[in-house]
Structures are given as C-alpha cells and as structure tokens.
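Here's the letter readout for the chains.
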Amino acid sequence: MRRFVLIAVPYVWLLALFLVPFVIVLKISLSDAAIARPPYVPQFDWVEGIWAFLSQLDFENFTWLIEDDLYWKAYLSSLQIALTSTLLTLIVGYPIAYGMARAPQEWRPTLMMLVILPFWTSFLIRVYAWKGILSNEGFLNQFLMWTGLVSEPLQILNTTTAVYIGIVYTYLPFMILPIYAALERMDDSLIEAAEDLGCSRMSAFWLVTIPLSKGGIIAGCFLVFIPAMGEFVIPSLLGGSDTLMIGKVLWEEFFSNRDWPVASAVAVILLLILVVPIVLFQRNQQKEQEGDA
Amino acid sequence: MKRLSAFNVVSLTLGFAFLYIPMLILILFSFNESKLVTVWSGFSTKWYGELMQNEAMLQAAWVTIKVAVISSSIATVLGTMAAYVMVRSGRFLGRTLFSGMIYAPLVMPEVITGLSLLLLFIGIGLDRGVLTIVLAHTTFSMCYVSVVVSSRLATFDMSLEEAARDLGCSQAQAFRLVTLPIIAPAVVSGWLLAFTLSLDDLVIASFTTGPAATTLPIKIFSAVRLGVSPEINALSTIMIGIVTVGVISASLVSKRALVKQRREEQEAVRAT
Amino acid sequence: MGADLAVPVFEPWTDPQAKPLIQFQNVTKRFGDFTAIDDLTIDIFECEFFALLGPSGCGKTTMMRMLAGFEAPTEGKIFLAGQDIAPVPPNQRAVNMMFQSYALFPHLSIWENIAFGLKREGMPRAEIAARVEEMLRLTRLEKFARRKPHQISGGQRQRVALARSLAKAPKLLLLDEPLGALDRKLREETQFELMDIQEKTGTTFVIVTHDQEEAMTVASRVAVMDNGKVIQVATPADIYEAPNSSYVADFIGDVNLIQGQATATGEDTYALHWREGAAPLTIKSPNAISDGQTAHLAIRPEKVTISADKPEGADNVVQGKVLDIAYLGNLSTYHVELPTGDVIKAQTANTRRISRRAYTWEDTVWLSWTATGGVLLAD
C-alpha cells in the first residue's frame, strides 16, 4: 500500500503535467486552425473514442510547415547553428578541461568551482552581459579600434556570430565538465606508457588521451547540441532579424501570430528532430555507466 | 606533482578570462555614473538606489522568490520520492514510461514544455498566475532533483537500511532515521538546484504566467530586449553576488567537513 | 575445539530429544531462473556456533538473509523455536544480523548506534543507557562511545557492529563474513574474542564465511555448501578427518586424491586398485563401498610419511622422486612424482635446520601411510 502511494504520487503528477500536456500539443497540432483560435477549449471527448480522433486528423498544419519555406529554413538554420556552436564549444572547452585535469591536485576543486559558478548564475544575465560587449559602441569594438585592427565598428550584435558567441559562452560548463571528468579518471601512466612505447607527445595525445575522453566528448556535445537546438533567449537577445532559430519561430508563432495549431506543429517537429540525438545521448550515458561498473 | 605546461597555463587563463570577463564588465558598469553602459564616467551607486525605488521590479522579485521557494520545496519531495522509486522499487507496471517521464523534461526544449503546459492550463480552465508557474516549475525541477538524489541513492549502501530493519525499524522509520539523514546533502543540493532553476527560468514562466504574476526574468527580458540599462546591471550584480556568496560558502563548508573527516579517519587508523 | 572440549560435551545434534532452535525444512530459493538454495534441510541448536562455509555464490548468504527476513523462501519452511517465521517481518524477528560491511550508521555516534535497536523497542531511557554501557564493556569500546564510526579503526568498527547486533539480546545472531575486512593478525585475535563473547552471552551464532580456517576455529559445527546444497554438516574435526565426499575433502585443507576401483577385503577394509601393475592400496574406512565401484582415497599430506629407506611394515608404500619442495617455515611439503606420473604430497614438520634437510630435488624417496590414515570416498 505504502509502495503504491510512493509510486503513484510522482507518477500521476508527471502524467498530468508532462504527458497529458504533450498529448494536447499533438492533438492541437493536428486540429483545424479555425476552431483552435483562442479562447480555445480542447475537447477531451474520450467517449467518442480514438476513431473520432483519427477521423478528424488534419495534417494541414504540417503541410503548411512544408509549404512555407520559413519553417524548414528555420529548422535547417537551427540545426546548422546548433552544430556549429557545438563544435566551437568543443574547441574552446577541451583545452580548458585538459588544463584542469593536468593542474595540481589541490587546485582542481577550485577550478571546478570556477567552472560551475557561472552555471548557477542566471542564464539571462550571462546572455545580457554580451549585449554590452558586442554592440557597435561596445567593449569589443572599442578594443579592436584601439588596437587599430579595424577603423570602424564591426557589426557583431544582432548577427549569427553573436548567437555563436552566446551559445559557446553559456553552454561552456556543460562541455567542460564531462570531458574533465573523463580526463581526470585517466591514469597518467598511460601517457608515459605510450611515450615509452615510442609515441611522440602529440601522437600519444591523439592515440591515448582523445580516445579515452571520447565518452566525455560525446556527452558534452549532446549536452550543448540538444538545448542549443531549441534555444530562444540567445537568438532573441543577440541575434538579428535574419537569425532564424526554431525556438524563436515557435515563440513568435504563439505570442505574436497567436496561431496555436501551427506553433504546436512546430513543436512536434522540433521534438521529432531531437529524438535521435536524445536517444543516442541516453545510449552513450548507459555505455559510460556500464564501463564504470 | 608535475608543473603545468605553458600550453595548459595559457588555455586555462584564456578560458577563465572568457568565462569571467563579461560578468566583471557587467558588475563594473553597474557602478557607473553615466546612463551609458559603455563609457565610464565615475563611480556611483545611484543605480542601486533607483532599483530600490522600482516598485514593479521589487514586486517581480518577490513573486519570483515565492514561486522558487514553493516550487523547489514541492519538487524536492516529489523528486526524492521519484528517485526512491527509480532506485528501489524494482519492476512495476509502466516503469519504462515513468523513467522516460523523469528524464525527458531534462532534455525537452523549454519552448515545448512551456507551450504544452500552457495548453493544458487553458484546456482545464485554470487561471494563469502564481499557481500555474509553480505547477510548471515543480514539474521540470522535480526531474532534476530526482536525478541528483537517485545518483546518491545508487551508491547508498543497502545494508544500512537492512540493518535498521533488522534492529526493529519499519520501512518508513528506516527511511526517516537512517536513509534520509545520510542522503540529506544530496536532497539539499537538489533543492538548491530546483530553486536556482526556478529563479532563472524565463521561457516556461513566460508561457505559463498571467498578467497578475510577472517574474523577475520576464521583467529583465522585456527590459533588456530594448537595450542595455545600468539598472539591470545593478540588479544582475546583486543576483551574481548572492549566488557567488552562496556557492562559495557552501563549497567551503563541505570542503571543511571533508578535511575534518579525512583527518579523523587518519587518526583512527593511527590509533590502532 | 572451543566449546567442544568443555565438559560435559556440548553435542545437542547427537541427542534425539533435543529440540533445534532453527529448522530449515526443504527450503528452496530461486531468483528468476537461478536456484540459490536447493531443497535444503538443516537443524541448528541453541547455543551453537554454526558456520556456513562455501565458495562465493554457493547460497550461504541467501540462507542467512532468509533467517534475517530479507528474503522469503520460494518453497519450504523455516522454523525459529518451533514457529514458522515466514510471516514475521525482519523488524519483528528475534534475530539480529551483523553485516559484512558492518552497516554502521555514519550519522550516529557509537553510543547511538548501539542504542538504535533498543530505542525502537521503546525501552526506558535508563535501561537503554545501562544496556549500552554493558555492551561497550563487553566489546571494550567504553572510550569510543562518543565518536562517529569514521573516527575509529576497522577493528573497532567490527566490535561496534557486534555490540549493536547483540544489544537486543537476540535468540540468534547472524554474522555475515564478520572478519572479512580485517587483516590476518587482527582476524585471528578477533576469532577468539567472538568465541568468548558467544560463550558469555549464550547466544546462538550463525556465521557465514568463505575462510575454512575461520570456520574450523570458531564453529561447533560446520556446514560445507556448494551450489545451493549442503554437502556435509559435522564438527570441524569430522569435516577434516572424515569428509563425506571428495568435494569436502578438497575444499577443506590440502589433500591427495587417488582414484581407483575398490574391492572389500574384510569388514571396513578395502583394496583400492589404482594403477595397472601397482600394488593395491589398503584402506580402512567407515564408508561402505560396493565391490568394483570407482572411489577416491583422500589422504592429508601430513598423514603421508616420507623416508629415504623403504619403511618396514607400513600398510601402503610407494616409491617416487622429489619433484618440488614448498618450504613454509614450520613445515615443508614435498611433491613426489611416482613412476606412474601421479604426484603425491607429503608434509613434514621442520624439526631441523633447513641446511640439514634430509631430501632434496630429484632424490628418490619412499612414501608410506597407514590403512587408517585416509578415507575412501565413493564418487
């Protein structure tokens, strides 16, 4: 009995506030725009059963998504932005993680904390901080003009470049931590063994260090890619009008156009795109855990 | 211990500079006299003064804290229950669905979570406001709590609970007297995580709130969309300050406890 | 050994009138497809120090956990003092357990750990205090009462675990590898301490161990287990001297096993035809073997005498060459290869200095043993 309550409470909560809402999104995405205009009351007429639901299926919203090139352009551009910035985060994050893992033992907790600290501070504030740096009269341009590298301010804010910077900056801890965890576990004598067996420092790095931190790299990349794909705050604060990201499109579809069925359809497709990386990520984590055991 | 190579020193220095300089600039310019946040014109704390006068901002801060405290507390209870179920309950009907629902919100884009909850609240005719934000925040942060707590429970020595049962505890007593005190640090960090997630959330709150309840992130977002303002810098500085003090003191406390425990263990070994 | 030598002899298992404290009746325990305990019937008597001995995975821990109430038998019944314990949850059994990991509550002091079970019983405060003090005295932990488990050494932790499980004065105490985490020297000391405490408190102890020396030292009776079955239950001396199977003979201590066909030559006397052309071995063994049956002679190395000249009048004599010598300090084990290719081990006490050793590698030696030196075990 007690066990039943223990399971039922969180179960019912999640069913009601996670699964059911999601089913509603699915249903609305398949319903007609006309009846879905607010105030909208979804009809949960389960008596009519699944047949009625199926017969009312309307793929119009999805057709709309395919016909209007705004949407698939937005998906493609989100995908491209998320992939590029994941790669950039890896390039920036790996040397930091590597440096941390090589640092003297007594520094490591402090370095760890320095990486985690930004994670605890507001995401919004960290994105906002870049607004002042990247603007035309911002510090970056002031600095570049002072060094004489450029003669007039570069337009960085409100471009896709600013979005890359924002994503790399805010998601950097997610990349560093798993790689650091993998590198820290690594036995130093492995590198020595590789060098002893004739590797140069560089080839020892490529042949031993990188393969052993593969799990961390994969985990880090997924942890950056998955949220970057649906990102809304960064493109809307740092990106320009030409920066298309699907999170932003969904937001505008919902709040500005108030077209709920289309917004729902956008959400469903976004989720379908994310299912593959999410499943792959889960696999990777399981493999890592089994490797530890 | 080996010395750091030049490459490592450079990458660490640049890396941490990248992480911290933006925030330092933000903090610095909250003390700027001028309204322009890019030109330094003298030290002043007037923006903090103005912030304290800003009724709307204070109101939003109060709503945010209220939401965060309530939702993280409920999330901690539910998340701990869920973690216990995941680690201890073995097989039950719909276990796969259950674990899926625990992990999915962690990777679900916020726009989708927000949208789906909003549609639910409209569907059941619930007025949007503090209650709906609390429900939404509880739902996604309980999943984070359950991940933190279940990773602690997974390494928890089962025989401790069995020993308690053996010495006369009922299942509930064993949990209250033995398991809970031992996993308490994980439960507390779960609560803290839920609390900061709730404080920080813009997207889900924007979807699930109504006109009556505006949270701080919503307020900040609408202000910074228009541009940079020193008042927001001041507010950010306060928030960064609170978090920094909190995180550093928490880690110092746990570090001291660890050092003390290590020393005592060594003494115990030497005493034999 | 220990309690055995006390007068009058403590041997309730030989008394048909004695009522066992614990009875396993045809108990089977399965986990999915895996059978951990296979149709097991065993009696354990009051005040016994009973050892379950076997390799890991043989089911000994499962048996203990069924007694404690953490597992329920799939089939069969377990009785404690005549009462079926299946419906009794672990927290209401008059059975306490000392865990292999000790399972000391890290957030409670030593004193609170020991008092934990007493508080659950609702014992009055003053009585709890008195009982805890008594337990602390018994286990010589008075000085450490206020410390936390991580502030004491491994040996002290072991004693806290013992004190905590004895505090409620259980009818039966279960000890799961209680000395496994201690180093060798401390383990030997603690074995005697355990026996001492068992005698003082008069509690029935059931100990699980994979260490045969430990089982032989502490136990009044040992059950040797393998693959969920009990192979033999007997006193340590009987287990060693009269194993009932080659598994037991091989598991406990060192043994020479010689296979052959047995033929009866008189009452209790058998001739073992073990090699074509070799003289049959003469064995006096209580186990009945039918003629022509394949059997093993099990003989301990210390019962085999090694000599340079052919001994006169020995029951069994073979000749061979010294192949290897294992020098153990007090003892030496000679591995002697017979012309047939078989290797027989003989052990002698090193009463002389090593430089004056009588035999060395490649020496031709004679091995001999008496008819009663070994036992004959049917396959």
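Rules used throughout
- Within each chain, residues carry numbers counting from 1 in the order of the written sequence.
- The naming scheme follows written order: chains are lettered A onward, ligands numbered 1 onward.
- Local features are withheld for residues below a pLDDT of 70 in this predicted model, meaning they are given only at 70 or higher, and side-chain atom pairs are given and counted only at 80 or more; totals for whole chains, interfaces and linings count all residues.
- Only hydrogens and water are set aside when side-chain values are computed; all heavy atoms of the structure are taken into account.
- UniProt positions are given in the numbering used here, feature names are shortened, and annotations may be inferred rather than shown by experiment.
- A run of H or I in DSSP counts as a helix once it spans at least four residues, and a run of E counts as a strand once it spans at least two, with each numbered from the N terminus.
- Remark: exposure states derive from per-residue accessible area (1.4 Å probe, protein chains only) relative to the maximum for the residue type, with buried under 20%, exposed over 50%, and partly exposed in between.
- The contact criterion used throughout is that any non-hydrogen atoms of two residues lie within 4.5 Å.
- Using a 1.4 Å probe, buried area is obtained as the accessible area two parts lose upon being combined, added over both of them.
- Here, a salt bridge means any side-chain nitrogen of Lys or Arg that lies within 4 Å of a carboxyl oxygen of Asp or Glu.
- Side-chain atoms alone can form a polar contact between residues adjacent in sequence; in general such a contact is a pair of N or O atoms within 3.5 Å, and within protein one must be able to donate a hydrogen while the other accepts it.
- Side-chain classes are defined by residue name, with Ala, Val, Leu, Ile, Met, Phe, Trp, Tyr, Cys and Pro counting as nonpolar, Asp, Glu, Lys and Arg as charged, and the others, Gly among them, as polar.

In the annotation of an unreviewed UniProt entry, chain B is listed under the name ABC transporter permease subunit and assigned to Tritonibacter scottomollicae. Under the UniProt heading Subcellular location (unreviewed entry), the entry covering chain B gives this text: "Cell membrane". Word for word, the UniProt comment on chain B under Sequence similarities (unreviewed entry) is "Belongs to the binding-protein-dependent transport system permease family. CysTW subfamily."

Under an unreviewed UniProt entry, the name given to chain A is ABC transporter permease subunit, and the organism recorded is Tritonibacter scottomollicae. Of the comments in the UniProt record for chain A, the one headed Subcellular location (unreviewed entry) reads "Cell membrane". In UniProt, chain A has this text filed under Sequence similarities (unreviewed entry): "Belongs to the binding-protein-dependent transport system permease family. CysTW subfamily."

Asker: Break down the UniProt feature "transmembrane region" (unreviewed entry) in chain A for me, citing the residues and quoting the values.
Answerer: All names here are of chain A. Within this numbering scheme, the UniProt entry marks residues 12–30, 74–98, 110–129, 162–183, 204–228 and 260–281 as carrying the feature "transmembrane region" (unreviewed entry). The distance from the first to the last C-alpha atom of residues 74–98 is 35 Å, and the span holds 100% helix and 0% strand. Secondary structure within residues 204–228 divides into 96% helix and 0% strand; the distance between the first and last C-alpha atoms comes to 33 Å.

Asker: Give a description of helix α2 (residues 110–121) of chain C that names residues and reports values.
Answerer: By the burial criterion, the buried members of α2(C) are I110(C), W111(C), N113(C), I114(C), A115(C), F116(C), G117(C) and L118(C). Where α2(C) is buried, its residues contact α7 (158–166) and α8 (171–200) of chain B together with α3 (125–138) and α4 (154–166) of chain C. G122(C) sits one or two positions beyond α2(C) and adopts a positive phi of about 75°.

Asker: Residues and numbers for the UniProt feature "domain: ABC transmembrane type-1" (unreviewed entry) in chain B, please.
Answerer: Following the UniProt record, one finds the feature "domain: ABC transmembrane type-1" (unreviewed entry) at residues 61–253 of chain B. Secondary structure across residues 61–253 of chain B comprises 83% helix and 0% strand; the distance between its end C-alpha atoms is 28 Å.

Asker: I'd love a proper account of the UniProt feature "domain: ABC transmembrane type-1" (unreviewed entry) in chain A, names of residues and values included.
Answerer: Per the UniProt record, "domain: ABC transmembrane type-1" (unreviewed entry) is found at residues 75–281 of chain A. With 79% helix and 0% strand, residues 75–281 of chain A has its two end C-alpha atoms placed 21 Å apart.

Asker: If you had to explain the interface of chain B and chain C to someone new, which residues and values would you point to?
Answerer: Contacts between the two partners involve 22 residues from chain B, matched on the other side by 24 residues from chain C. Buried area between chain B and chain C, summed over both chains or domains, comes out near 2100 Å², and the portion from carbon and sulfur atoms is 61%. Ranking the residues of chain B by area buried against chain C places E162(B), D166(B) and L167(B) at the top, with a combined share of 33%. At the junction of chain B and chain C, the tally comes to one salt bridge. A salt bridge links R65(C) to E162(B); its shortest N-O distance comes to 2.6 Å. In this structure, the connection of chain B to chain C is made through eleven residue pairs in polar contact (both at pLDDT 80 or more). Those elements that place two or more of their residues in the side of chain B that touches chain C are α7, α8 and α11 (230–271) of chain B. The element contributing the most residues to the side of chain B that touches chain C is α7(B), with seven residues. Each residue belonging to the side of chain B that touches chain C can be placed in one class, and the counts come to ten nonpolar, six polar and six charged.

Asker: Could you give an account of the interface of chain A and chain B, with specific residues and numbers?
Answerer: With 84 residues of chain A at the interface, the matching set in chain B holds 84 residues. Summing the contributions of chain A and of chain B, the shared interface buries around 7500 Å²; its carbon and sulfur component is 82%. The tally of links from chain A across to chain B stands at zero salt bridges. On inspection of chain A and its partner chain B, the count reaches twelve residue pairs in polar contact (both at pLDDT 80 or more).

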